[in-house]
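Coordinate inspection notes
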Amino acid sequence: MANIVTSSVEPVEATLAPETLDFGPPPANWRESMKRAIRDPEALCQRLGLGSEIAAAAKASQGAFPTFAPLEFVSRMKFGDPRDPLLLQVLPQLAETESVPGFLLDPVGDMPAALEAGVLQKYQGRALLVTTGACAVHCRYCFRRHFPYDSVPHSPVQWKSAIDRLTADSSIEEVLLSGGDPLTIVDYQLKQLVDQLAAIPHLRRLRIHSRLPIMIPGRVDDSLLEWISSTRLAVWFVLHINHANELDAAALAAISRLRQSGVNLLNQAVLLRGINDQADDLVQLCGLLVDHGVLPYYLHQLDKVAGAAHFEVPLQRGREIMQQLRERLPGYAVPKYVQEIAGQPNKTPCE
Ligand SMILES: *Cc1c(COP(=O)(O)O)cnc(C)c1O
Ligand code: SF4
């Protein structure tokens, strides 16, 4: 009975071209997923059945920030749709090559905030470690797309001076692992780093900012859960999901595994033109997040980074969307709409 029902509801989508969307055998682990990620914009367009014009424009526009999109993420994009909200996050566009006044290389003042290589402190009690330059996806609007990652520590030995710095400053209670994406680092190295952090008596909380559980759900494997659930530090995990379509069954299962390990889950999204700038998009996303135990934390106004001007949503429009969210969602599902202004002592509310 069950079998008959299952086979009779097999989805059939007329637009699918199965041979194009054949992603091959499932990857053995997350590192293999990283290796198999699409790095060529023309290959990306070809897989999605997009014309050669779009592909050529993408190739010509990526500049020094190459295309990078894991197959797990690409498989959630709609075939043949150049406006797909997931595709637009990763596909280079000609608009990136235009220089727009006010859009800068370091819009959020990372350089002046560096205590030393790889350690940023902007806010009281919280320090941020730039652990690596690698990510599981290259988001075209990334505010660190021009960050000089070559200058940050890349191995446990090199992290030593960062650890010394945090040890010497007893006002720091929380360390944020950022990057890049800290979960591109292998678990034995992360565990070493987190053990060293946990040994600093005045540290209370560890925050991990990562897109990996969504981009490559296989990243949430036993070895990750092992160190994350055994540290004495309270772990706050901040995901970065911009659209409900990112949350397929595999991504939701990764979220569920993280929750079961006892970490607190938050989400930050960036308000992006053409991607999630309709109230409906964010109502759907935030509702789905709270259904799965993830609290919407921040909705970021776009950082004015060079090459990303085409993603900007005017503040006034953002405020209108926020009003809709307040009306249509339970209070706990409404994110804070904020902007990062260089030199300010906190993220600045936009409302
Ligand atoms: C955003 C950010 C934080 C975290 O700020 P919260 O408001 O606590 O989320 C900490 N350090 C740096 C450098 C940041 O950019
Ligand atoms: S995952 Fe984060 S750091 Fe990496 S490119 Fe995307 S926004 Fe930037």
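For the structure, see preceding data.
Residues numbered from 1 in each chain as written. Chains lettered and ligands numbered in written order. Predicted model: local features only at pLDDT ≥ 70, side-chain atom pairs only at ≥ 80, totals over all residues. Heavy atoms only, no water.

Considering the overall build of the protein
- Counting its regular elements, the protein contains 13 helices and 10 strands.
- Here the C-alpha radius of gyration of the protein, 20 Å, is about what a compact globule of 351 residues would show, namely 20 Å.
- Projected onto its principal axes, the C-alpha coordinates of the protein cover approximately 60 × 55 × 40 Å.
- Out of the 351 residues in the protein, the part that is buried amounts to 52%. (Helix = DSSP H or I, 4+ residues; strand = E, 2+ residues; numbered from the N terminus. Rg over C-alpha atoms; globule rule 2.2 N^0.38 Å. Buried < 20%, exposed > 50% of the residue type's maximum accessible area, 1.4 Å probe, protein only.)

Description of helix H11 (residues 249–260)
- Taking 1.5 Å of rise per residue, 12 residues should cover 16 Å, and H11 covers 16 Å from first to last C-alpha, within 8% of that figure.
- Every buried residue belonging to H11 is among Ala 251, Leu 252, Ala 254, Ile 255 and Leu 258, and all of these are buried. Within H11, the buried residues cover an arc of 155 degrees as seen down the axis, which keeps them to one side. For H11, the exposed residues lying more than 90 degrees away from the buried face are Ala 249 and Gln 260.
- The inward-facing, buried residues of H11 abut helix H9 (212–215), helix H10 (222–230), strand E6 (234–240) and strand E7 (264–270).
- With its phi angle positive at about 95 degrees, Gly 262 sits one or two positions after the end of H11. (Expected span 1.5 Å × (residues − 1). Arc of directions from axis to C-beta. Contact = heavy atoms within 4.5 Å.)

Regarding the site of ligand 2
- All residues in the neighbourhood of ligand 2 are listed as Cys 135, Val 137, Cys 139, Cys 142, Gly 180, Arg 211 and His 240.
- Of the residues contributing to the shell around ligand 2, the split by class is four nonpolar, two polar and one charged. (Near = heavy atom within 4 Å. Nonpolar A, V, L, I, M, F, W, Y, C, P; charged D, E, K, R; others polar.)

Remarks on the sheet that holds E7
- Spatial strand order, E1-E2-E3-E4-E5-E6-E7-E8-E9-E10: 10 strands in an open sheet with mixed pairing. Among the strands making up the open sheet, the edge pair consists of strand E1 (114–116) and strand E10 (348–349).
- The pairing of strand E4 (residues 174–178) with strand E5 (residues 205–209) spans four bridges and is parallel. Considered in E5, the bridge of Val 175 is made with Leu 206.
- The strands touched by helix H8 (residues 187–198) are strand E3 (126–130), E4 and E5; relative to E4, the strand with the most contacts, the crossing angle is about 165 degrees. (Pairing = 2+ DSSP bridges. Axes fitted to C-alpha atoms, helices over the stretch in contact; angles between N-to-C directions.)

Description of the environment of Leu 177
- Mapped onto the fold, Leu 177 is located in strand E4.
- We classify Leu 177 as buried; its relative accessible area is 1%.
- Along the sequence, Leu 177 and Val 119 sit 58 residues apart, while their C-alpha atoms lie 9.8 Å from each other.
- In this structure Leu 177 touches Leu 129, Thr 131, Pro 182, Leu 193, Val 194, Leu 197, Leu 206, Arg 207, Ile 208 and His 209, once residues within four positions along its chain are discounted.

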